[in-house]
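If you want the building blocks of each chain, they are given just below.
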Amino acid sequence: MAGLAGRKALVTGGSRGIGAAIVRRLAADGASVVINYRNSAEAAEALAAELDGDGRRVRTALADVGDPDAARALVNRAAEEMGGLDILVSNAGIEHFGPLASLTFADYQRVFDVNVAGQLFATQAAAAVMGEGGRIVLTSSVSARIAVFEHSLYAASKAAVSALALNLAPELAARGIAVNVIAPGGTRSDMSAENGGHYIHPALRGLPPETLSRISSAWGRFAEPEEIAAAVAFLVSPDASYITGSTLAVDGCRM
Ligand SMILES: NC(=O)c1ccc[n+]([C@@H]2O[C@H](COP(=O)([O-])OP(=O)(O)OC[C@H]3O[C@@H](n4cnc5c(N)ncnc54)[C@H](OP(=O)(O)O)[C@@H]3O)[C@@H](O)[C@H]2O)c1
């Protein structure tokens, strides 16, 4: 239970959804956690109030990680607040669907700013303040390796994340820091509730949500956020000491 006692973590986009489950899991494992949020101040504060105590500190920090300066400043503020940083879970991300003909450069910039630059520059700042034993987990998606109608921007942004981690791994290993990626499949959250229907080919749209979740994985259901958090907890634990540069699919064998 207390495998992460004394460790100091930052979770981006930790206010709700998968990020909130990761915050809960790291805190349950004994870590002190800074919960980053962009809009959901109330949810972030409530989560921090619930988890703070029992030998760990849980705090909140407002930042739009889509702004590289803000992402770097967030990491530095978290490290200052906690007296160091051992774990970065870069979870914040945004969805996007749109046909090629209507894509704008502004769409591209926003998606890549949050999903790629946000993760890269948070990693850069985290690596600078972490010591030996530091653990960084980035967030990709099953979308990086499946074709979905009108999903090119999001899928490309998530594919970039695995290449980032793979190529940063040797650089960071030299300093004793591991960098890995989780690639969730359909997972119960606000994001999947809003966008899940788009994952179906247009010819099949209109299927009830329970049908969508039944056909999305070998398990016949979406993942629970806690199941993604468990994979993150493993990757930041001593049990994962040899794993770096890897992308761990947590998608129930997406079908
Ligand atoms: N759910 C799925 O099926 C699924 C599948 C594969 C991958 N993923 C990935 O998993 C991650 C979490 O997804 P989710 O389903 O939990 O999403 P969600 O329900 O939409 O929650 C997104 C979280 O990210 C935060 N966020 C978004 N943009 C941000 C920004 N610019 N700066 C700081 N925080 C920001 C939000 O914070 P605020 O509310 O404070 O704005 C919120 O906490 C994302 O990277 C997503 O791409 C999800």
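In what follows, the structure referred to is the one given above.
So, a few notes on the structure that sits alongside this text.

## Some remarks on unusual backbone geometry
Working step 1: You will see that Asp54, though not glycine, has its phi angle at about 55°, which is positive.
Working step 2: Looking at where Asp54 falls in the secondary structure, it is placed in the loop between helix H2 (41–51) and strand E3 (58–62).
Working step 3: Residue classification places Asp54 among the exposed positions, given a relative accessible area of 76%.
Working step 4: Its identity as a non-glycine residue notwithstanding, Cys253 has a phi of 60°, on the positive side.

## Examining the site of the ligand
Working step 1: Inspection of the region around the ligand gives 33 residues, with Arg16, Ser40, Asp64, Tyr154 and Ser189 positioned closest.
Working step 2: Between an oxygen atom of the ligand and a main-chain N or O atom of Ile18, the distance comes to 2.8 Å.
Working step 3: Measuring from an oxygen atom of the ligand, one finds a side-chain N or O atom of Tyr154 at 2.6 Å.
Working step 4: Bound to the protein, the ligand loses 96% of the 890 Å² it would expose on its own.
Working step 5: Elements that contribute at least two residues to the shell around the ligand include exactly helix H1 (17–28), strand E2 (32–37), helix H4 (105–129), helix H5 (152–173) and helix H6 (190–195).

## Details of the pattern of salt bridges
Side chains that differ in charge, positive against negative, can pair when their charged atoms come close.
Working step 1: Evaluated as defined, the whole model comprises 12 salt bridges.
Working step 2: Among the salt bridges present, the one from Asp86 reaches Arg7, with a minimum N-O distance of 3.8 Å. Here Arg7 lies in the segment before strand E1 (8–12) and Asp86 lies in the loop between helix H3 (68–82) and strand E4 (87–90), a separation of 79 residues in the sequence.
Working step 3: Each of Asp52, Arg57, Arg59 and Glu81 takes part in a single network of salt bridges with overlapping partners.

## Re the pairing of strand E5 (residues 135–139)
Working step 1: Burial of E5 is extensive: 5 of the 5 residues sit out of reach of the surface.
Working step 2: In E5, alternate side chains face the same way, and those of Arg135, Val137 and Thr139 on one face and Ile136 and Leu138 on the other are all buried.
Working step 3: Sheet topology note: the E4/E5 ladder contains 3 bridges and is parallel. Pairing of Val89 across the sheet is with Val137, part of E5.

Cut-offs applied
- Residues numbered from 1 in each chain as written.
- Predicted model: local features only at pLDDT ≥ 70, side-chain atom pairs only at ≥ 80, totals over all residues.
- Heavy atoms only, no water.
- Helix = DSSP H or I, 4+ residues; strand = E, 2+ residues; numbered from the N terminus.
- Buried < 20%, exposed > 50% of the residue type's maximum accessible area, 1.4 Å probe, protein only.
- Near = heavy atom within 4 Å.
- Polar contact = N/O pair within 3.5 Å; in protein donor to acceptor, adjacent residues only side chain to side chain.
- Areas by Shrake-Rupley, 256 points an atom, 1.4 Å probe, with all protein chains shown as cover.
- Salt bridge = Lys/Arg side-chain N within 4 Å of Asp/Glu carboxyl O.
- Pairing = 2+ DSSP bridges.

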